[in-house]
Amino acid sequence: MTEANTVNRPRGEGNPAPQARTDVAASQGGLVTPKGTTSIDSGVVAKIAGLSAREVNGVYNMGAGTARALGAVRGIVGGDKSTATQGVSVEVGERQAAVDLDLVVEYGVAIPDLAASVRRNVITGVERMTGLEVTEVNIKVDDVHLPGDKDGEKTDQPDQEPRVQ
């Protein structure tokens, strides 16, 4: 084992011998090896991050209002029906990735707890599947989904006559 693969701590009471690093890239052999490199497209990382975020209970939808509306129109017209990357943007380097998410959360869910769960799930999913180190997951909550709401429709306003003619 080389020095680069160990965590150096002084030996003594409460400090065991140096331990091997257990980061994902080291355990999977890494993306850059003497026999070649593996590159992962940003679209792949975005799809993994989007699906990982959607797995968490309390995430109703993803994307800002405009993105969700355009996604609905694409689905109606028969365009790209994949919404896995909606509300996700990523930056991918040789060994690291950063993720930004736009979420719509269910009403009643504690947003800080939800954000922590989403962040943990996204980091685990991306690192496990790609071997990239996730440096950050930034979460922006764009909306709260209320019970009984349909996408894009407000049901809390009763139908009214126009106030002016």
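All values derive from a computational prediction rather than experimental measurement.

K.L.:
Where do I start with helix H4 (residues 111–130) in this structure?
P.N.:
Residue pairs spaced three or four apart in an α-helix point in one direction, given the helix's 3.6 residues per turn. With 20 residues, H4 extends 28 Å from end C-alpha to end C-alpha; this agrees with the ideal 28 Å at 1.5 Å per step. Taken together, the buried positions of H4 are Leu114, Ala115, Val118, Val122, Gly125, Val126, Glu127 and Thr130. Directly beyond the C-terminal end of H4, a positive phi value near 80 degrees is found at Gly131.

K.L.:
Would you mind going over the pattern of salt bridges with me for this structure?
P.N.:
When their charged atoms lie close together, side chains carrying opposite charge are able to pair. Counted according to the given criterion, the structure contains one salt bridge. A salt bridge links Lys140 to Asp142, with the shortest nitrogen-to-oxygen separation between them at 3.7 Å.

K.L.:
Can you walk me through the packing of helix H2 (residues 42–54) against H4 in this structure?
P.N.:
The interhelical angle for the contact between H2 and H4, taken along N-to-C directions, is 140 degrees, at an axis separation of 8 Å. In this view, H2 runs oblique relative to H4, as classed from their interaxial angle. Helix-helix and strand crossings are classified by hand; for H2 and H4 the assignment is right-handed. Contact residues: H2 offers Val45, Ile48, Ala49, Ser52 and Ala53, while H4 offers Val118, Asn121, Val122, Gly125, Val126, Met129 and Thr130. Split by residue class, the contact of H2 with H4 holds eight nonpolar, four polar and no charged.

K.L.:
Which parts of the structure should I look at to understand H2?
P.N.:
Counted at 1.5 Å a residue, the expected span for H2 with its 13 residues is 18 Å, and the 18 Å between its end C-alpha atoms agrees. Every buried residue of H2 is accounted for by Val45, Ala46, Ile48, Ala49, Gly50, Ser52 and Ala53. Looking at the buried positions of H2, the neighbouring elements they touch are strand E5 (59–62), strand E6 (88–92), strand E7 (96–106) and H4.

K.L.:
Explain the side chain of Gln86 here, please?
P.N.:
Mapped onto the secondary structure, Gln86 falls in the loop between helix H3 (65–77) and E6. In this structure the side chain of Gln86 is engaged in a polar contact, spanning 2.6 Å, whose partner is the backbone oxygen of Met62.

K.L.:
Explain the nonpolar core to me, please; I cannot follow it from the model alone.
P.N.:
Across soluble globular proteins, nonpolar side chains show a tendency to be buried alongside one another. Judged by nonpolar contacts, the single largest core of 23 residues is most densely connected at Val88, Val99, Leu101, Val118 and Val122. Counting only elements with at least two residues in this core, the list comes to H2, E5, E6, E7, H4 and strand E8 (133–145). When sequence neighbours within four positions are dropped, the list of residues in contact with Val122 reads Ala49, Ser52, Ala53, Val99, Leu101 and Val137.

K.L.:
How should the pairing of E7 be read in this particular structure?
P.N.:
Remember that side chains alternate between the two faces of the sheet whenever the strand is regular. Both E5 and E7 contribute to a ladder of three bridges, which runs antiparallel. Within the sheet, the bridge partner assigned to Met62 lies in E7 and is Leu103. In this structure, the hairpin formed by E6 and E7 is closed by a connection of three residues. Bridging between E7 and E8 involves 11 bridges; their strand directions are parallel. The residue bridging Leu101 from the neighbouring strand is Ile139, located in E8. Considered for its hand, the β-α-β crossover made up of E7, H4 and E8 is right-handed.

K.L.:
Explain the confidence of the model for the protein chain to me, please; I cannot follow it from the model alone.
P.N.:
Low pLDDT means the predicted atomic positions in that stretch should not be read closely. The share of residues in the protein chain with pLDDT of 70 or more is 65%, and the mean pLDDT across the chain is 77. Mean pLDDT per element in the protein chain: strand E1 (residues 6–7) is the minimum at 34, and H4 is the maximum at 98. Confidence drops under a pLDDT of 50 for residues 1–28, and excluding neighbours within four residues, the segment shows 28 contacts in the predicted structure. pLDDT under 50 marks residues 152–156. Its contacts with residues more than four places away, or in other chains, come to two contacts.

So, how was this worked out
Residues numbered from 1 in each chain as written. Predicted model: local features only at pLDDT ≥ 70, side-chain atom pairs only at ≥ 80, totals over all residues. Heavy atoms only, no water. Helix = DSSP H or I, 4+ residues; strand = E, 2+ residues; numbered from the N terminus. Expected span 1.5 Å × (residues − 1). Buried < 20%, exposed > 50% of the residue type's maximum accessible area, 1.4 Å probe, protein only. Salt bridge = Lys/Arg side-chain N within 4 Å of Asp/Glu carboxyl O. Axes fitted to C-alpha atoms, helices over the stretch in contact; angles between N-to-C directions. Parallel < 35°, antiparallel > 145°, perpendicular 65-115°, else oblique. Left-handed = near helix turned anticlockwise from the far one by under 90°. Contact = heavy atoms within 4.5 Å. Nonpolar A, V, L, I, M, F, W, Y, C, P; charged D, E, K, R; others polar. Polar contact = N/O pair within 3.5 Å; in protein donor to acceptor, adjacent residues only side chain to side chain. Core = buried A, V, L, I, M, F, W, Y, C linked by side-chain atoms within 4.5 Å. Pairing = 2+ DSSP bridges. Right-handed = clockwise from strand over helix to strand, strands pointing away. pLDDT = per-residue confidence, 0-100.

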